[in-house]
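# Secondary and tertiary structure notes
Listed below, chain by chain, are the residues.
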Amino acid sequence: MDLVKLQRQLVDYRASLYHECVLDEQFTQLQQLQDENNPDFVVEVVSLFFEDSERLLNELTKALEQQSIDFKRVDAHVHQLKGSSSSIGAQRVQKSCIAFRNYCEEQNVEGCLACLQQVRIEYSLVKTKLEYMFQLEQQILSSGGSIPI
Amino acid sequence: MEVAGEVLQSGSSQELHVLAVDDSYVDRKVIEKLLKISSCKVTAVESGARALQFLGLDGGKGSLGFNGLKVNLIMTDYSMPGMTGYELLKKIKRSSTFREIPVVIMSSENILTRIDSCLEEGAEEFLVKPVKLSDVKRLTKDCVTRGETEGKDGGRVDKRKLEDDNHTSSSSSIPSSPSTTTSFGCGLATSELPLSPMHSSKRAKLRDRD
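A short tour of the structure in this document, coming up. All values reported here derive from a predicted model rather than from experimental measurement.

What counts and what doesn't
Residues numbered from 1 in each chain as written. Chains lettered and ligands numbered in written order. Predicted model: local features only at pLDDT ≥ 70, side-chain atom pairs only at ≥ 80, totals over all residues. Heavy atoms only, no water. Helix = DSSP H or I, 4+ residues; strand = E, 2+ residues; numbered from the N terminus. Buried < 20%, exposed > 50% of the residue type's maximum accessible area, 1.4 Å probe, protein only. Contact = heavy atoms within 4.5 Å. Areas by Shrake-Rupley, 256 points an atom, 1.4 Å probe, with all protein chains shown as cover. Core = buried A, V, L, I, M, F, W, Y, C linked by side-chain atoms within 4.5 Å. Phe/Tyr/Trp six-rings, centres within 6.5 Å; stacked < 30°, edge-to-face > 60°. 1 Å grid on protein atoms, 1.4 Å probe; cavity = no way out; pocket = protein on both sides within 12 Å on 5 of 7 lines; lining within 4 Å. Points joined across faces, edges and corners; volume = space filled by probe spheres on them. Nonpolar A, V, L, I, M, F, W, Y, C, P; charged D, E, K, R; others polar. Expected span 1.5 Å × (residues − 1). Salt bridge = Lys/Arg side-chain N within 4 Å of Asp/Glu carboxyl O.

With that out of the way, let us pick up the overall build of chain B. Looking only at helices and strands, chain B has eight helices and five strands in total. Listed N to C, the secondary structure of chain B is α-β-α-β-α-β-α-β-α-β-α-α-α in terms of helices and strands. Relative to its 210 residues, chain B shows a buried fraction of 52%. Taking the intrachain contacts of chain B between residues at least 6 apart in sequence as the baseline, contacts between residues at least 24 apart amount to 63%. Put simply, chain B shows about 9700 Å² of open surface, and 50% of that area lies on carbon and sulfur atoms.

This part is about the nonpolar core. One finds V74, F100, V126 and L130 of chain A together with I31, L35 and M75 of chain B to be the most contacted residues of the largest nonpolar core, which totals 62 residues. The contact partners of L130 of chain A, leaving out residues within four places of it in the chain, are L23, F27, V46, F50 and I88 of chain A. F54, M80, L89 and I101 of chain B belong to the second largest nonpolar core, which has 26 residues in total.

Turning our attention to the packing of aromatic side chains. What describes a pair of aromatic rings is the distance from one ring centre to the other and the angle between the planes of the rings. Residues and elements named next belong to chain A. For the structure on display, the rule yields five aromatic pairs over all chains. Summarising the aromatic geometry, the rings of Y13 and Y132 are spaced 4.8 Å apart at their centres and angled 75 degrees between planes, so their arrangement reads as edge-to-face. Here Y13, found in helix α1 (residues 3–19), pairs with Y132, found in helix α6 (residues 109–142); they are 119 residues apart in sequence, far enough to count as distant. Here Y13 falls in the buried class, since its relative accessible area comes to 19%. Exposure remark for Y132: the relative accessible area of 32% places this residue in the partly exposed category.

Our next topic: empty space enclosed by the protein. It is the rolling of a water-molecule-sized probe over the atoms that shows where space remains empty. Enumeration according to the criterion identifies five cavities of 30 Å³ or more in this entry. Approximately 120 Å³ is the volume found for the largest cavity. When residues of the lining of the largest cavity are assigned to their parent elements, the largest contribution, four residues, is made by helix α4 (residues 71–88) of chain A. Estimated volume of the second largest cavity: approximately 90 Å³. As for the second largest cavity, its lining consists of Q26 and S87 of chain A together with D22, D27, V30, I31, L34, M106, K129, P130 and V131 of chain B. With four residues, helix α2 (residues 25–37) of chain B is the single largest residue contributor to the lining of the second largest cavity. Partitioned by chemical class, the residues of the lining of the second largest cavity number six nonpolar, two polar and three charged.

A word on the side chain of D24 of chain A. Within the fold, D24 of chain A resides in the loop between α1 and α2 (25–33). Not counting residues within four places of it along the chain, the set of residues in contact with D24 of chain A comprises Y18, G89, Q91 and Q94 of chain A.

A few words on unusual backbone geometry. A cis amide bond links K129 of chain B with the next residue in sequence, P130 of chain B, at an omega value of 0 degrees. Secondary-structure assignment places P130 of chain B in the loop between β5 (125–128) and α6 (133–152).

As a further point, take helix α5 (residues 91–106) of chain A. All names here are of chain A. Across its 16 residues, α5 extends 24 Å between first and last C-alpha, which sits within 8% of the 22 Å expected from 1.5 Å per residue. Within the sequence span of α5, burial applies to Q91, V93, Q94, S96, C97, F100, R101 and C104. Against the buried residues of α5 lie α3 (41–65), α4 and α6. Just downstream of α5 lies Q107, where phi reads positive at about 55 degrees.

Inspection of the entire model under this criterion finds 21 salt bridges over all chains. In this structure, K33 of chain B engages D35 of chain A in a salt bridge whose closest nitrogen and oxygen atoms are separated by 3.9 Å. With K33 of chain B in helix α2 and D35 of chain A in the loop between α2 and α3, the pair connects residues from two separate chains. Taking the relative accessible area as the measure of exposure, D35 of chain A reaches 26% and is therefore partly exposed. With its nearest N and O atoms 3.2 Å apart, the salt bridge here joins E131 of chain A to K127 of chain A. Taken together, the positions of E131 of chain A and K127 of chain A, both in helix α6 and four residues apart, correspond to about one turn of that helix. Look at K127 of chain A and you get partly exposed, because its relative accessible area is 23%. In the salt-bridge network here, residues are joined through shared partners; they are D75 and R101 of chain A together with E109 and R114 of chain B.

Scope: geometric values only; no functional claims are made or implied.
Now the structure itself:
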């Protein structure tokens, strides 16, 4: 594996994520917090985000399946997801949550279901992309290289 | 209470001990990192109830936390299930033991009435999430400055002196309202300035997050 090629691939890939608004400035902030003492910080936080999000998505699905939907509860879950996605810079997930909350306020079931679908799509997207990015980083590190800034 | 204060003020550059309260795992991890980078000791808990328990406000061990360290700063999320950050703030400010501890509220929602209520209840500052390293560094630096001032004066602080100290040390043009004297602090700040969304005063750190 050509190290320089890998590094270039990573830089370009990262740039595309920002360009497509999958990630925003907050993700950069997180990367800047990582250091030699805590070289897996970003991966750890992102993993927490994945766990948390999956739990919330399941809760949301269940809550919206109820006969009598508790919109306050649905909203609380969406609020949490919005918060954690904002904290790691997953901008598209965060934005889809904003729309979701509006439908919760209106108590619009159809709207909520459509939003849940959209949030799932955005979440899968950021998960796939971040996992691929981490994979590239690992390949670079295993080849003895360093991660370009 | 005096004993707890002396534990930290006896040495020269003591690490601040910050109690972080947030129901989100992700946010707890991030705030913990931000605080560690800013050279603070951190205790992160997931709820207001746990925070009170840690402080011993629920009838526990008095003003020393479970690990025996005095808490110098509390940073709490606003929206939490059970007890909100606002409710936690009130409980702390109504406690004779803990009301001197500065409390910072963090929220993803930039709502003026919310900010106002928090500041009126004695919050040191209101930060809009996601919290940045620069926010944490500034906050903790101000805390250290305040702590050193208190230490020199043996716990009794002349409010004017504190304002002058903070005025020269902080980059803000507005003197910070000391949280050690709650009867002065926020009342003074509120009457000084009109609050508007674009106004970036120290007492309400709003960020445009549209």
